[in-house]
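Summary of the model geometry
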Amino acid sequence: MEVMAKLLSGSDTTNKRLEFPTKSLWAFSLPAGQNSVEFDALDMLDQPWRLKISVRNKGRYPKPWISGQWSIYVHQKKLRQGDRVTLTVHEQENGVKNYRIIAERKHFGFWYSIGQ
């Protein structure tokens, strides 16, 4: 199930974090009293990436972001502004959640997976 699909902004690719839609927080179980949780997401090559969802402690809304190995992922995939990142989750019968992260680039009107 798709958690989010986002066109990357310049700051998403140059900062060490990806701004994350609040409406996508349903896919993560933030422990009570904590403002972050780490998870592993597999890319198209089944390489695991240790990512972290965080939300701010104060303010009118959580304003979540992804950090952890995000900047390494951006560097390895050579992501740039305008590329698209999709995060999906599949919950197994035993309740374990498996996440996937997919990077794509638009070329001549079509989206292509960025492997590497």
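Above this text you will find the structure in question.
Summarised in this report is the structure supplied together with it. Note that the structure is predicted; figures quoted are calculated from it, not measured.

**Here's the deal with the overall build of the chain**
When helices and strands are counted, the chain shows 2 helices and 8 strands. The secondary structure elements of the chain, listed N-terminal to C-terminal, are β-α-β-β-β-β-α-β-β-β. For 116 residues, the compact-globule estimate of 2.2 N^0.38 gives 13 Å, and the C-alpha radius of gyration of the chain, at 14 Å, lies within 12% of that figure. Reported as C-alpha extents along the three principal axes, the dimensions of the chain are approximately 45 × 35 × 25 Å. Sequence-distant contacts, at least 24 apart, represent 52% of the contacts inside the chain between residues at least 6 apart. Of the roughly 7200 Å² of accessible surface on the chain, a fraction of 51% belongs to carbon and sulfur atoms. Computed over 18 positive and 11 negative side-chain charges, the inter-centroid distance for the chain is 9 Å.

**Some remarks on the side chain of Thr-86**
Mapped onto the secondary structure, Thr-86 falls in strand S6 (residues 84–91). For Thr-86, a relative accessible area of 9% translates into the label buried. The residues contacting Thr-86, other than those within four sequence positions of it, are Glu-2, Met-4, Ala-5, Arg-100, Ile-101, Ile-102 and Glu-104.

**Section: the environment of Gln-69**
By the secondary structure assignment, Gln-69 is in the loop between strand S5 (65–68) and helix H2 (70–77). Looking at Gln-69, the relative accessible area reads 29%, which means it is partly exposed. Measuring from C-alpha to C-alpha, the distance between Gln-69 and Leu-51 comes to 5.6 Å, with 18 residues separating the pair along the chain. A polar side-chain atom of Gln-69 sits 2.8 Å from the main-chain amide nitrogen of Arg-50.

**A look at the side chain of Glu-104**
Inspection of the secondary structure assignment puts Glu-104 in strand S7 (residues 97–107). Residue Glu-104 is classed as buried on the basis of its relative accessible area, which comes to 14%. Residues contacting Glu-104, with those up to four places away along its chain left out, are Asp-83, Arg-84, Thr-86, Trp-111, Tyr-112, Ser-113 and Ile-114.

**Section: a nonpolar patch on the surface**
Taken together, the side chains of Phe-108, Phe-110 and Tyr-112 make up a nonpolar region of the molecular surface, amounting to roughly 420 Å² of accessible area. Note on placement: Tyr-112 falls in strand S8 (residues 110–113).

**Remarks on the packing of aromatic side chains**
The full count for this structure, using the stated rule, is 6 aromatic pairs. Note on Trp-49 and Tyr-73: the rings are 5.1 Å apart at their centroids and 80° apart in plane angle, and the pair reads as edge-to-face. Here the residue Trp-49 occupies a position in strand S4 (residues 48–54), and Tyr-73 occupies one in helix H2, the gap between them amounting to 24 residues. Each member of the pair, Trp-49 as well as Tyr-73, is classed as buried. One aromatic cluster is present, formed by Phe-20, Phe-28, Phe-39 and Tyr-99 through successive ring pairs. Its end group placed over the ring of Trp-111, Arg-84 keeps NZ or CZ at 4.1 Å from the ring centre.

Rules used throughout
Residues numbered from 1 in each chain as written. Predicted model: local features only at pLDDT ≥ 70, side-chain atom pairs only at ≥ 80, totals over all residues. Heavy atoms only, no water. Helix = DSSP H or I, 4+ residues; strand = E, 2+ residues; numbered from the N terminus. Rg over C-alpha atoms; globule rule 2.2 N^0.38 Å. Contact = heavy atoms within 4.5 Å. Areas by Shrake-Rupley, 256 points an atom, 1.4 Å probe, with all protein chains shown as cover. Lys, Arg positive; Asp, Glu negative; His and termini not counted. Charge placed at Lys NZ, Arg CZ, Asp CG, Glu CD. Buried < 20%, exposed > 50% of the residue type's maximum accessible area, 1.4 Å probe, protein only. Polar contact = N/O pair within 3.5 Å; in protein donor to acceptor, adjacent residues only side chain to side chain. Patch = residues over 30% accessible without salt bridge, like charges linked within 9 Å, V, L, I, M, F, W, Y side chains within 5 Å. Salt bridge = Lys/Arg side-chain N within 4 Å of Asp/Glu carboxyl O. Phe/Tyr/Trp six-rings, centres within 6.5 Å; stacked < 30°, edge-to-face > 60°. Lys NZ or Arg CZ within 6 Å of the ring centre and 35° of its normal.

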